[in-house]
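Examination of the molecular architecture
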Amino acid sequence: DITPEVFRIVLRYVYGEEIPGSTTIVDKGKELISAADRFGIVELKLTLEAVLVESLVIRTNTVVDWLIFADSKTCPLLKEHATAYFASRSVDILNSESSTLLKESPKLLTELMVEMSKSSNDDRFGNERNMSVDELKKELYELELDVDGSKEMLISRLQESNRKQRTK
């Protein structure tokens, strides 16, 4: 459900592309992204996600919540930053109370384990796999392709585009 305040913010964006201030985004980030996701307002969702990452909302006591949220709402940039934060502080996070939430998401836990075990030199799957979400989105944008979706979707879209380019 959407609060009246969040609904007003979304309407202001839709009718005037007015982006809320960063304080509002940090305070109501999850609600705003949920509303943008629900109504299919991709540009707003991407902007909110970027502001949240830039605002450093991810902390040891919130990283698990952000990981689960980013995964559920297909926010690859937010998920990538939360995953990197988790990987760099995994011992502290796994000893916190919030880590019990990860047990409810075996898929996410597996992704975290894979991410933590990756070698930065592992390019068996092509360069796209080693690109950050930002880099993937920039390249897709330059190719005039859709920039919304999970990291896996972005990689797939870029790989498909590269295959098409090679066959021309």
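Before reading further, recall that the structure is shown in the block above.
Reference entry: report on the structure contained in this document. The model shown is predicted, which means the values in this text are computed figures rather than measured ones.

Turning our attention to the overall build of the chain. The helix and strand tally for the chain stands at nine helices and zero strands. Counting from the amino terminus, the chain carries its helices and strands in the arrangement α-α-α-α-α-α-α-α-α. C-alpha atoms of the chain, sized along the principal axes, occupy 50 × 50 × 25 Å. Within the chain, the proportion of its 168 residues that are buried is 36%.

Take the side chain of Ser161 next. Mapped onto the elements of the fold, Ser161 is located in helix α9 (residues 151–167). Judged by relative accessible area, Ser161 falls into the buried class, the value being 11%.

Helical periodicity: at 3.6 residues per turn, an α-helix aligns residues three or four positions apart in one direction. Taking 1.5 Å as the rise per residue, helix α2 (residues 22–38) with 17 residues should run 24 Å; its terminal C-alpha atoms sit only 21 Å apart, a clear shortfall. Its axis deflected by about 85° at Lys28, α2 carries its strongest bend there. Of the positions making up α2, those classed as buried are Ile25, Gly29, Leu32, Ile33, Ala35 and Ala36. Contacts from the buried residues of α2 go to α1 (4–16), α3 (42–54), α4 (63–72) and α5 (76–88).

Another aspect to go through is the pattern of salt bridges. Using the criterion set out here, one finds nine salt bridges in the structure. Lys79 is paired through a salt bridge with Asp71; the nearest N and O atoms lie 2.7 Å apart. Owing to a relative accessible area of 15%, Lys79 belongs among the buried residues under this scheme. Overlapping salt bridges bring together Asp71, Lys79, Lys107 and Glu111 as one network.

The geometry of two aromatic rings is summed up by the distance between their centres and the angle between their planes. Within this structure, the stated rule accounts for two aromatic pairs. Taking 6.3 Å as the distance between ring centres and 65° as the angle between the ring planes, the aromatic pair formed by Phe7 and Phe39 counts as edge-to-face. With a gap of 32 residues between them, Phe7 in helix α1 and Phe39 in the loop between α2 and α3 connect regions that are remote in the sequence. On the accessibility criterion, Phe7 (37% relative accessible area) is partly exposed. Arranged with centres 6.0 Å apart and planes meeting at 90°, the rings of Trp66 and Phe69 form a pair that is edge-to-face. Remark: Phe69 and Trp66 occur in helix α4; sequence separation between them is three residues, near one turn of the helix.

Let us now look at the nonpolar core. If you look at the biggest cluster of nonpolar residues, it comprises 42 residues, and the most contacted ones within it are Ile58, Val63 and Leu78. Taken together, the elements giving at least two residues each to this core come down to α1, α2, α3, α4, α5, α7 (106–117), α8 (133–142) and α9. Residue contacts for Ile58: discarding those within four places in its chain leaves Val63, Trp66, Leu78, His81, Ala82 and Tyr85.

Cut-offs and rules
- Residues numbered from 1 in each chain as written.
- Predicted model: local features only at pLDDT ≥ 70, side-chain atom pairs only at ≥ 80, totals over all residues.
- Heavy atoms only, no water.
- Helix = DSSP H or I, 4+ residues; strand = E, 2+ residues; numbered from the N terminus.
- Buried < 20%, exposed > 50% of the residue type's maximum accessible area, 1.4 Å probe, protein only.
- Expected span 1.5 Å × (residues − 1).
- Bend = angle between axes of the 7 residues up to and from the residue.
- Contact = heavy atoms within 4.5 Å.
- Salt bridge = Lys/Arg side-chain N within 4 Å of Asp/Glu carboxyl O.
- Phe/Tyr/Trp six-rings, centres within 6.5 Å; stacked < 30°, edge-to-face > 60°.
- Core = buried A, V, L, I, M, F, W, Y, C linked by side-chain atoms within 4.5 Å.

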